[in-house]
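Here is what each chain is made of, one letter per residue.
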Amino acid sequence: MKAIVVREPGPAENLRPADIPKPQARPDHVVAHVEAAGLNPVDAGNRADPTWAGIEPPYVVGYEFAGSVDHVGEGVTDLAPGQPAWGLLPVRGTRLGTYAEYVEIDAALVGRPPARLSAVEAAAIPLAGSTALQVLDRLSLRSGDSLLIHGAAGGVGTFLVQLARMNGIRVAGSSSAAQHSLLRELGVEIVLDREAGDVLKEATRRLGGPFDAVADLVGGDLVFRSLSVLKEGGAAASIVSLHGDFEEAIDRNVSLHGVLVRPERAGLDRLADAVQRGAMYPIVDAVIDPDAIAPAHHRLESGHGQGKVVLRW
């Protein structure tokens, strides 16, 4: 089968097309035919340095897909060949990922994609959507609560905005000015320019007080700096990093959450339900063929663009 293989970790140009053996399904696993695979920053990170992921070359990156079941292993009774499928692999420990025509995956991590979406659209959801869902679950917000999202127009951010709004949560979101119209379209109540003045001061001024929670999807010391705009007993989550002196969080009973996405079918089913009900949709910025994978990884590393890039076989 065709795949995009990393034989030596390094720059994007080290992603090379190759023919590798098609996988066979072990017990409790399935082999899926990958029609489309979403691209994510973690793909570029593991391409450049796989030590964090605990894998060695040669390897194939990519952790989300949409397509169909090719065949099932012993013990799999709830999935069948030919059935539409989507799935999310662990970003650590996965040596043969979704930048390939076929992928083997634990059957418990495979679900049915939303019927209203194409494979390309569906492939843009599992990793970023599951991350957003798990961030929201960890923050334990209720309808009417307020959430400040740093990086609201990114891959995870656009899903977090939609899921929060679906649950009646008031959202303030920061992005570059070029992405403000997208945030308004998604339902962000308070749109903030991350490059203009004191974002935190402006956010609290426009909300009329402190926030119940903050989500950092950008990195650096944003969580630490955002403690000043959180209510007593509030919550903060980061999918990137936690830097700074968090003694204030202890003093004010702020709960801190570092979130690394956990693949699970239940989460995929919740995302599919949100899409089917029209409460959430993916934003696909570009669809690429395998020969355009290196430029696409350069885009991932630049942080530019709006929405997801999807690899189509």
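Details of the structure are given in the entry above.
Conventions and cut-offs
Residues numbered from 1 in each chain as written. Predicted model: local features only at pLDDT ≥ 70, side-chain atom pairs only at ≥ 80, totals over all residues. Heavy atoms only, no water. Helix = DSSP H or I, 4+ residues; strand = E, 2+ residues; numbered from the N terminus. Rg over C-alpha atoms; globule rule 2.2 N^0.38 Å. Buried < 20%, exposed > 50% of the residue type's maximum accessible area, 1.4 Å probe, protein only. Areas by Shrake-Rupley, 256 points an atom, 1.4 Å probe, with all protein chains shown as cover. Contact = heavy atoms within 4.5 Å. 1 Å grid on protein atoms, 1.4 Å probe; cavity = no way out; pocket = protein on both sides within 12 Å on 5 of 7 lines; lining within 4 Å. Points joined across faces, edges and corners; volume = space filled by probe spheres on them. Nonpolar A, V, L, I, M, F, W, Y, C, P; charged D, E, K, R; others polar. Phe/Tyr/Trp six-rings, centres within 6.5 Å; stacked < 30°, edge-to-face > 60°. Lys NZ or Arg CZ within 6 Å of the ring centre and 35° of its normal. Core = buried A, V, L, I, M, F, W, Y, C linked by side-chain atoms within 4.5 Å. Patch = residues over 30% accessible without salt bridge, like charges linked within 9 Å, V, L, I, M, F, W, Y side chains within 5 Å. Salt bridge = Lys/Arg side-chain N within 4 Å of Asp/Glu carboxyl O. Lys, Arg positive; Asp, Glu negative; His and termini not counted. Charge placed at Lys NZ, Arg CZ, Asp CG, Glu CD. Axes fitted to C-alpha atoms, helices over the stretch in contact; angles between N-to-C directions. Parallel < 35°, antiparallel > 145°, perpendicular 65-115°, else oblique. Pairing = 2+ DSSP bridges.

## Topic: the overall build of the chain
Reasoning step 1: Across its full length, the chain holds ten helices and 15 strands.
Reasoning step 2: Taking 20 Å as the expected radius of gyration for a compact globule of 313 residues, we find that the chain reaches 20 Å, a close match to that expectation.
Reasoning step 3: Taking the principal axes of the C-alpha coordinates as reference, the chain spans close to 60 × 40 × 35 Å.
Reasoning step 4: For the chain, the proportion of its 313 residues judged to be buried stands at 55%.
Reasoning step 5: As displayed, the chain offers around 13,300 Å² of accessible surface, 49% of which is attributable to carbon and sulfur atoms.

## What about unusual backbone geometry?
Reasoning step 1: Geometrically, the link from P57 to P58 is a cis peptide bond, its omega value of -5 degrees lying close to zero.
Reasoning step 2: Positionally, P58 belongs in the loop between α1 (41-48) and β4 (64-72).
Reasoning step 3: Look at D28: it is not a glycine, yet its phi comes out positive at around 65 degrees.
Reasoning step 4: On the accessibility criterion, D28 (44% relative accessible area) is partly exposed.
Reasoning step 5: Phi at S140 is positive, roughly 55 degrees, even though this residue is not glycine.
Reasoning step 6: One can find S140 in the loop between α3 (126-139) and β8 (146-150).

## Describing helix α10 (residues 293-302)
Reasoning step 1: Within the span of α10, buried status applies to I293, A294, A296, H297, R299 and L300.
Reasoning step 2: Tucked inside the fold, the buried residues of α10 contact β1 (2-6), β2 (15-19), α1, β14 (284-288) and β15 (308-312).
Reasoning step 3: Looking one or two residues beyond α10, the residue adopting positive phi is G303, at roughly 80 degrees.

## Some words on the layout of surface pockets
Reasoning step 1: Put simply, the largest pocket is a space of about 1,200 Å³.
Reasoning step 2: Counting only elements with at least two residues in the lining of the largest pocket, the list comes to α1, α3, α4 (155-166), β9 (170-175), α10 and β15.
Reasoning step 3: For the lining of the largest pocket, the class distribution of residues is 21 nonpolar, 21 polar and five charged.
Reasoning step 4: Considering only enclosed or pocket space, the second largest pocket measures out at about 280 Å³ in volume.
Reasoning step 5: Lining of the second largest pocket is provided by 22 residues; of these, R26, L89, T94, L96 and E104 occupy positions nearest its centre.
Reasoning step 6: When grouped by side-chain class, the residues that make up the lining of the second largest pocket number 13 nonpolar, four polar and five charged.

## Some thoughts on the packing of aromatic side chains
Reasoning step 1: Throughout the structure, instances matching the rule amount to one aromatic pair.
Reasoning step 2: Ring geometry for F224 versus F246: centroids 6.3 Å apart, planes at 85 degrees, classification edge-to-face. Of this pair, F224 sits in helix α7 (residues 222-226) while F246 sits in the loop between β12 (230-238) and α8 (247-251), placing them 22 residues apart in sequence.
Reasoning step 3: A relative accessible area of 17% places F246 in the buried class.
Reasoning step 4: Its end group placed over the ring of Y102, K22 keeps NZ or CZ at 4.3 Å from the ring centre.
Reasoning step 5: Directly above the ring of W52 sits R92, whose terminal nitrogen or CZ lies 5.3 Å from the centroid.

## Thoughts on the nonpolar core
A general tendency of soluble globular proteins is for nonpolar side chains to be buried together.
Reasoning step 1: Core analysis: the largest hydrophobic core is formed by 47 residues, its most contacted members being L147 and L160.
Reasoning step 2: The set of elements that each furnish at least two residues to this core consists of α2 (119-123), α3, β8, α4, α5 (180-186), β11 (211-216), β12 and α9 (265-276).

## Some words on a negative patch on the surface
Reasoning step 1: The grouping of E232, D245, E247 and D251 at the surface amounts to a negative patch.
Reasoning step 2: With respect to the secondary-structure elements, D245 resides in the loop between β12 and α8.

## Observations concerning the packing of α1 against α10
Reasoning step 1: Running from amino to carboxyl end, α1 crosses α10 at an angle of 105 degrees, the nearest separation of the two axes being 9 Å. Classified by the angle between their axes, α1 and α10 sit roughly perpendicular to one another. Taken together, the residues of α10 that come into contact with α1 (itself represented by P41, D43, A44 and R47) are H297, L300 and E301.
Reasoning step 2: Among the residues making up the contact of α1 with α10, the classes are represented as three nonpolar, one polar and three charged.

## Quick look at the sheet that holds β8
Reasoning step 1: Ordered in space as β10-β9-β8-β11-β12-β13, the six strands form an open sheet in which the pairing is parallel. Across the chains shown, the open sheet's two edge strands, defined by having one partner strand only, are β10 (190-193) and β13 (255-258). Taking the axes of each pair of neighbouring strands and ignoring which way they run, one obtains an average angle of 15 degrees across the sheet.
Reasoning step 2: Relative to β9, β8 runs parallel, the two sharing five bridges. Bridging across to β9, L147 finds its partner in V171.

## Side note on the pattern of salt bridges
Reasoning step 1: Per the counting criterion, the structure on display carries 14 salt bridges.
Reasoning step 2: D137 is the salt-bridge partner of R270, the closest N and O atoms lying 2.9 Å from each other. In this pair, R270 sits in helix α9 while D137 sits in helix α3, placing the two residues 133 residues apart along the sequence.
Reasoning step 3: Close ionic contact of D285 with R299 constitutes a salt bridge, the shortest N to O distance being 2.5 Å. Here D285 is found in strand β14, whereas its partner R299 is found in helix α10, with 14 residues between them in sequence.

Keep in mind these numbers describe shape, not what the thing actually does.
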